Amino acid sequence: MTTMNATNTLPLGAITLHRLVSAYETLREQVADYYARQRTAAALRQLSHAQLDDIGLTPGDVEDIATGRF
């Protein structure tokens, strides 16, 4: 009796398309995150130093949030 191993391989075009779609989704998520950080930072910049202190932040923290370092 012979044993057969069947391996399903995807054509190169399918793999390339998958990589392109994944890269696009990653970029889209990064852009969405960037704009969300910018909106959050803009809202926080409207707060006074006392209000920032009440929520445990400093003005420097707001800039760190805007740049994604927080």
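Our subject is the structure listed above.
Residues numbered from 1 in each chain as written. Predicted model: local features only at pLDDT ≥ 70, side-chain atom pairs only at ≥ 80, totals over all residues. Heavy atoms only, no water.

Caption draft 1: How the structure looks around a nonpolar patch on the surface. Together, L27, V31, Y34 and Y35 make up an exposed nonpolar region whose accessible area comes to about 390 Å². The exposure class assigned to Y35 is partly exposed, which follows from its relative accessible area of 46%. (Patch = residues over 30% accessible without salt bridge, like charges linked within 9 Å, V, L, I, M, F, W, Y side chains within 5 Å. Areas by Shrake-Rupley, 256 points an atom, 1.4 Å probe, with all protein chains shown as cover. Salt bridge = Lys/Arg side-chain N within 4 Å of Asp/Glu carboxyl O. Buried < 20%, exposed > 50% of the residue type's maximum accessible area, 1.4 Å probe, protein only.)

Caption draft 2: Looking closely at the nonpolar core. A41, L44, L52, L57, V62, I65 and A66 form the largest nonpolar core, which has 7 residues in total. Within the residue set of this core, elements represented by two or more residues are helix 1 (12-45) and helix 3 (59-67). With 3 residues, helix 3 is the largest single contributor of residues to this core. Not counting chain neighbours up to four residues away, the residues in contact with L52 comprise L44, L47, L57, T58, P59 and V62. (Core = buried A, V, L, I, M, F, W, Y, C linked by side-chain atoms within 4.5 Å. Helix = DSSP H or I, 4+ residues; strand = E, 2+ residues; numbered from the N terminus. Contact = heavy atoms within 4.5 Å.)

Caption draft 3: Layout of the pattern of salt bridges. With the rule as written, the count across this model stands at 2 salt bridges. Residue E63 is joined to R45 by a salt bridge in which the shortest nitrogen-to-oxygen separation is 3.1 Å. Here E63 is found in helix 3, whereas its partner R45 is found in helix 1, with 18 residues between them in sequence. Here E63 falls in the partly exposed class, since its relative accessible area comes to 36%.

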